[in-house]
Amino acid sequence: SHLVLGYWGIKGIAEPIRYILALLQFKYEEKTYTTPEEWAEDKQKLKTPFPNLPYLQDGDHVITESKAIQHYLCQKAQRLDLLGKNVEDTICLYQVMGVIDDARSVSYTHLTLPTIYSVQISVVAVSLKKKN
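What counts, and where the lines are drawn
- Residues numbered from 1 in each chain as written.
- Predicted model: local features only at pLDDT ≥ 70, side-chain atom pairs only at ≥ 80, totals over all residues.
- Heavy atoms only, no water.
- Helix = DSSP H or I, 4+ residues; strand = E, 2+ residues; numbered from the N terminus.
- Areas by Shrake-Rupley, 256 points an atom, 1.4 Å probe, with all protein chains shown as cover.
- Buried < 20%, exposed > 50% of the residue type's maximum accessible area, 1.4 Å probe, protein only.
- Contact = heavy atoms within 4.5 Å.
- Core = buried A, V, L, I, M, F, W, Y, C linked by side-chain atoms within 4.5 Å.
- Phe/Tyr/Trp six-rings, centres within 6.5 Å; stacked < 30°, edge-to-face > 60°.
- Salt bridge = Lys/Arg side-chain N within 4 Å of Asp/Glu carboxyl O.
- Pairing = 2+ DSSP bridges.
- Right-handed = clockwise from strand over helix to strand, strands pointing away.

1. Notes on the overall build of the protein chain
In terms of regular secondary structure, the protein chain is built from 4 helices and 4 strands. Secondary structure elements of the protein chain, listed N to C terminal, follow the sequence β-α-β-α-β-β-α-α. Accessible surface for the protein chain amounts to roughly 9,400 Å². Of this, 60% is attributable to carbon and sulfur atoms.

2. Brief notes about the side chain of R18
Checked against the element boundaries, R18 lands in helix α1 (residues 15-23). On the basis of relative accessible area, R18 is assigned to the buried category, the value being 12%. In this view, R18 contacts L5, Y7, W8, I10, K11, Y28 and E30; residues no more than four positions away in its chain are not counted.

3. Some details on the nonpolar core
If you look at the biggest cluster of nonpolar residues, it comprises 11 residues: L3, L5, I17, I20, L21, L24, F26, L56, I63, I69 and L73. Counting residues per element, the ones that place at least two in this core are β1 (3-8), α1 and α3 (66-76). For this core, the element with the most residues is α1, which contributes 3 residues. Among all residues touching I63, those that are not within four sequence positions of it are P54, Y55, L56, A68, I69 and Y72. Counting 8 residues, the second-largest nonpolar core is a separate cluster that includes Y7, Y33, W39 and Y55.

4. Remarks on the packing of aromatic side chains
Scanning the entire structure with this criterion turns up 4 aromatic pairs. An angle of 70 degrees between the planes, with centres 5.3 Å apart, marks the rings of Y33 and W39 as edge-to-face. Side by side, Y33 and W39 carry an identical accessibility label, which is buried. Ring plane angle 20 degrees and centroid distance 6.1 Å describe the contact between W39 and Y55, whose orientation is recorded as stacked.

5. Things to note about the pattern of salt bridges
This model, assessed by the stated rule, comprises 9 salt bridges. The partner of E15 in a salt bridge is R18, with the nearest N and O atoms 2.8 Å apart. In this pair, E15 and R18 are both assigned in helix α1, 3 residues apart and thus about one turn of the helix distant. Under the relative-accessibility criterion, E15 is labelled buried at 15%. For D101, the salt bridge goes to K67, with nearest N and O atoms at 3.0 Å. Of the two residues, D101 sits in helix α4 (residues 87-131) while K67 sits in helix α3, which places them 34 residues apart along the sequence.

6. A word on the pairing of strand β2 (residues 28-33)
One ladder, built from 6 bridges, connects β1 with β2; its direction is parallel. Counted as the bridge partner of G6 is K31 from β2. This β-α-β element, β1 to α1 to β2, shows right-handed connectivity.

Okay, structure coming up:
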């Protein structure tokens, strides 16, 4: 069936999915979103109770959430060995993924908050100027 990976025009959290698609030699098409409006339009059309980016469309099925997509691809390719050889491996895998997600979240916050605060301070300064 035809696979479509939908995500913003960045590597981000979809990059591990791309690695798995390449490793498993799945052919797929990328649907790249460049504006929130473009995504909002398509979001309404996705047949899933959890519309989100990234998503993977496999025929009539739509899978969202990056970890679920990765797991789905391993199962689709019948490569359960990629999910661990035993329960201990699988638990270790999910723990490492959690640590990586935590680190990514912290680094994202540190990279974006200064910009957000800078914009907020600029807006307040402009507002105060207009009042004076």
